[in-house]
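Here are the chains, one letter per residue:
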Amino acid sequence: MQGRLSVWLVKHGLVHRSLGFDYQGIETLQIKPEDWHSIAVILYVYGYNYLRSQCAYDVAPGGLLASVYHLTRIEYGVDQPEEVCIKVFAPRSNPRIPSVFWVLKSADFQERESYDMLGISYENHPRLKRILMPESWIGWPLRKDYIAPNFYEIQDAH
């Protein structure tokens, strides 16, 4: 079942995959990494100009990594704003997704956190560096195949 936004994207020839609706009735779409930046610009112009949140997760050990964007279309005089959830999947071996920082400035720290925890590289992000972990940290702590270093090894390193 396609939602309103999916129908609109199809009408305008924009490639995506409808993933249905979540438990709150929010439409969820899958966008290919190579199409994400241009579709983000189009969604912004269409009115989805508020990034409610961005997060990322490890789909399965050895599998894909996902970057998730929750966009809201805010209009005056509308009590219930439209929302959409965008999922962009990237291979674990080279997880690269275009940054939407230049479209939605609030993606700045959120994309940096996803980079820091899962190693997803957001192309053209102006300050893509670790935000929570020390710069010297090795690995991506939220990946399902991450092996946590022994606490004492870390402590003895200082």
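Residues numbered from 1 in each chain as written. Predicted model: local features only at pLDDT ≥ 70, side-chain atom pairs only at ≥ 80, totals over all residues. Heavy atoms only, no water.

The name given to the protein chain in an unreviewed UniProt entry is NADH dehydrogenase [ubiquinone] iron-sulfur protein 3, and the organism recorded there is Hibiscus trionum. Its UniProt record gives the protein chain the following Catalytic activity (unreviewed entry) comment, quoted word for word: "a ubiquinone + NADH + 5 H(+)(in) = a ubiquinol + NAD(+) + 4 H(+)(out)". (UniProt positions renumbered as here; feature names shortened; annotations may be inferred.)

Participant: Can you explain the UniProt feature "domain: NADH:ubiquinone oxidoreductase 30kDa subunit" (unreviewed entry) in the protein chain? Please cite residues and give values.
Facilitator: In this numbering, the UniProt entry assigns the feature "domain: NADH:ubiquinone oxidoreductase 30kDa subunit" (unreviewed entry) to residues 30-148. Helix makes up 22% of residues 30-148 and strand 29%. Its end C-alpha atoms lie 31 Å apart. (Helix = DSSP H or I, 4+ residues; strand = E, 2+ residues; numbered from the N terminus.)

Participant: Can you tell me about the environment of Val 100, naming the residues and giving the values?
Facilitator: Here Val 100 shows up in the loop between strand 6 (96-98) and helix 3 (107-118). C-alpha separation for the pair Val 100 and Leu 9, spaced 91 residues apart in sequence, amounts to 19 Å. Dropping the residues within four chain positions of it, Val 100 is found in contact with Trp 36, Ala 40, Tyr 69, Ala 107 and Glu 111. (Contact = heavy atoms within 4.5 Å.)

Participant: Outline the sheet that holds strand 4 (residues 65-73), listing residues and values.
Facilitator: The mixed open sheet is built from five strands, whose spatial order is 1-2-5-4-3. With partners counted over all chains shown, the strands left at the sheet margins are strand 1 (17-21) and strand 3 (50-58), one partner each. Recorded for the sheet is a direction-independent mean angle of 20 degrees between the axes of neighbouring strands. Sheet contacts for helix 1 (residues 4-11): strand 1, strand 2 (27-30), strand 4 and strand 5 (82-90); angle to strand 2, the most-contacted strand, approximately 40 degrees. (Pairing = 2+ DSSP bridges. Axes fitted to C-alpha atoms, helices over the stretch in contact; angles between N-to-C directions.)

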